[in-house]
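Fold and geometry: a report
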Amino acid sequence: MAHTITLIPGDGIGPEVANATRRVLAASGVVIDWEVQEAGAAVAEKRGTTLPDEVLESIRRNKVALKGPIGTPIGKGFRSVNVTLRQALDLYANVRPVRSLPGIEPRFEGTDIVIVRENTEDLYAGLELMIMPGVAQSMKLITERACTRICEYAFDYAERLGRKRVTVVHKANIMKLSDGLLLECFRKVALKHPRIEPHEVIVDACAMQMVKNANKLDVIVTENLYGDILSDLGAGLVGGLGIVPGANIGLEAAVFEAVHGTAPDIAGMGLANPTALIQSGVMMLHHLGEHTAAQKIEKGLLATFESGVRTADLGGTAGTEEYTRALCEAVGRA
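First, a word on what this report is: a plain description of the structure on this page.

1. Regarding the packing of aromatic side chains
- For the structure on display, the rule yields four aromatic pairs.
- Relative to Tyr323, the ring of Phe305 has its centre 6.1 Å away and its plane inclined at 65°; by these criteria the two rings are edge-to-face. In this pair, Phe305 sits in helix H10 (residues 291-306) while Tyr323 sits in helix H11 (residues 320-333), placing the two residues 18 residues apart along the sequence. With respect to burial, Phe305 and Tyr323 carry one shared label: buried.
- Members of the aromatic cluster, connected to one another through ring pairs, are Tyr92, Tyr153 and Tyr157.

2. Some remarks on the sheet that holds strand S12 (residues 254-258)
- Judged by pairing direction, the sheet is mixed, and its ten strands sit side by side in the order S2-S1-S3-S12-S11-S4-S5-S10-S8-S9 without closing on themselves. Strand pairing shows two members of the sheet lacking a second neighbour, strand S2 (31-36) and strand S9 (197-202), which therefore form its edges. On average, each strand axis in the sheet is inclined to that of its neighbour by 25°, with strand direction left out of account.
- Both strand S8 (residues 165-170) and S9 contribute to a ladder of six bridges, which runs parallel. Looking across to S9, one finds that Thr167 is bridged to His199.

3. Some words on H10
- The end-to-end C-alpha distance of H10, which contains 16 residues, comes to 22 Å, matching closely the 22 Å that a straight helix rising 1.5 Å per residue would cover.
- If you check which residues of H10 are buried, you get Ala293, Ala294, Ile297, Gly300, Leu301, Thr304 and Phe305. For H10, the angular spread of the buried residues around the axis is 125°, confining them to a single face. Relative to its buried face, H10 has exposed residues pointing more than 90 degrees away, namely Thr292, Lys299 and Glu306.
- Buried-residue contacts for H10 involve helix H1 (14-27), helix H9 (275-288) and H11.
- Downstream of H10 by one or two residues, Gly308 has phi in the positive range, about 95°.

Definitions and cut-offs
- Residues numbered from 1 in each chain as written.
- Predicted model: local features only at pLDDT ≥ 70, side-chain atom pairs only at ≥ 80, totals over all residues.
- Heavy atoms only, no water.
- Phe/Tyr/Trp six-rings, centres within 6.5 Å; stacked < 30°, edge-to-face > 60°.
- Helix = DSSP H or I, 4+ residues; strand = E, 2+ residues; numbered from the N terminus.
- Buried < 20%, exposed > 50% of the residue type's maximum accessible area, 1.4 Å probe, protein only.
- Pairing = 2+ DSSP bridges.
- Axes fitted to C-alpha atoms, helices over the stretch in contact; angles between N-to-C directions.
- Expected span 1.5 Å × (residues − 1).
- Arc of directions from axis to C-beta.
- Contact = heavy atoms within 4.5 Å.

Any functional reading would require information that these geometric values do not contain.
Below, the structure is given as structure tokens:
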């Protein structure tokens with residue numbers, strides 16, 4: 001079965017890691033018809049917008065997209081493409097698996113957690129104003145609807161993947177109404193999932209727990225800001241943003257993405273590490289039901305890292321081409 005998928009290569013190293021990912025996905029045997037769309041800082045210079053309407057139309061039509069890193073022009077009034085995509089398509093669940101890979105020195109061996117982050121509100125709703133000269137105000141928007149569905153997603157995810165615990169991260173001891181609402185919704189949803197152990201932890205304590213024994217947390221569910229920060233902390237535990245995948249899931253569409261930056265300093269030099277986008281592609285294949293192809297890439301990744309082939313950001317010597325070629329060969333043998 002062929003799949004039509006929107007591809008947004010992005011800025012900086014985006015086109016390089018996107019091309020590598022296309023090759024690896026093809027090596028798995030899955031058939032994809034890519035509908036390439038441009039968005040980001042480079043497009044803004046030509047079109048006056050970082051996110052042309054046809055990009056959203058393409059994703060709505062195809063239901064699935066793969067997105068490279070995208071830049072937002074600084075200080076020119078442009079909204080973040082990532083935030084705009086999530087809100088326009090109601091991609092309410094941001095999913096970030098954090099897992100150790102062989103051959104990369106992690107902070108802890110065997111790290112394997114998943115951070116499920118509410119993606120549409122909290123402080124990222126962008127509700128800000130100057131209430132008087134020299135005094136700015138940001139409003140934290142938390143709704144029962146959003147809290148309930150992100151908690152339901154986290155528990156459903158845990159059950160589907162055979163996880164044992166869902167940990168809600170909050171600051172309800174201080175923000176008793178907003179974070180208290182998340183906690184209330186979490187407890188109600190937990191009652192519907194008796195096979196999963198519910199666990200509650202304050203966000204600062206969670207940060208400490210992640211650097212002591214992250215696996216105890218298992219699946220984390222939390223608000224937008226906390227999830228954004230903890231996701232990067234988690235990436236630091238296993239080798240950095242260059243290897244961690246990400247997905248933004250909604251009821252009508254899903255966007256899978258590299259969560260690292262555009263790295264303009266190495267763009268076009270053949271040094272980029274495509275692992276994060278490749279792993280996001282694996283998540284995409286599972287989402288599409290292409291589990292055999294996804295598992296071939298997962299096995300190929302493990303074999304490639306075990307062989308010592310890795311890019312310079314991970315302490316290796318391979319360039320993008322050498323790494324991609326080795327991975328494609330490993331996928332073909334898997």
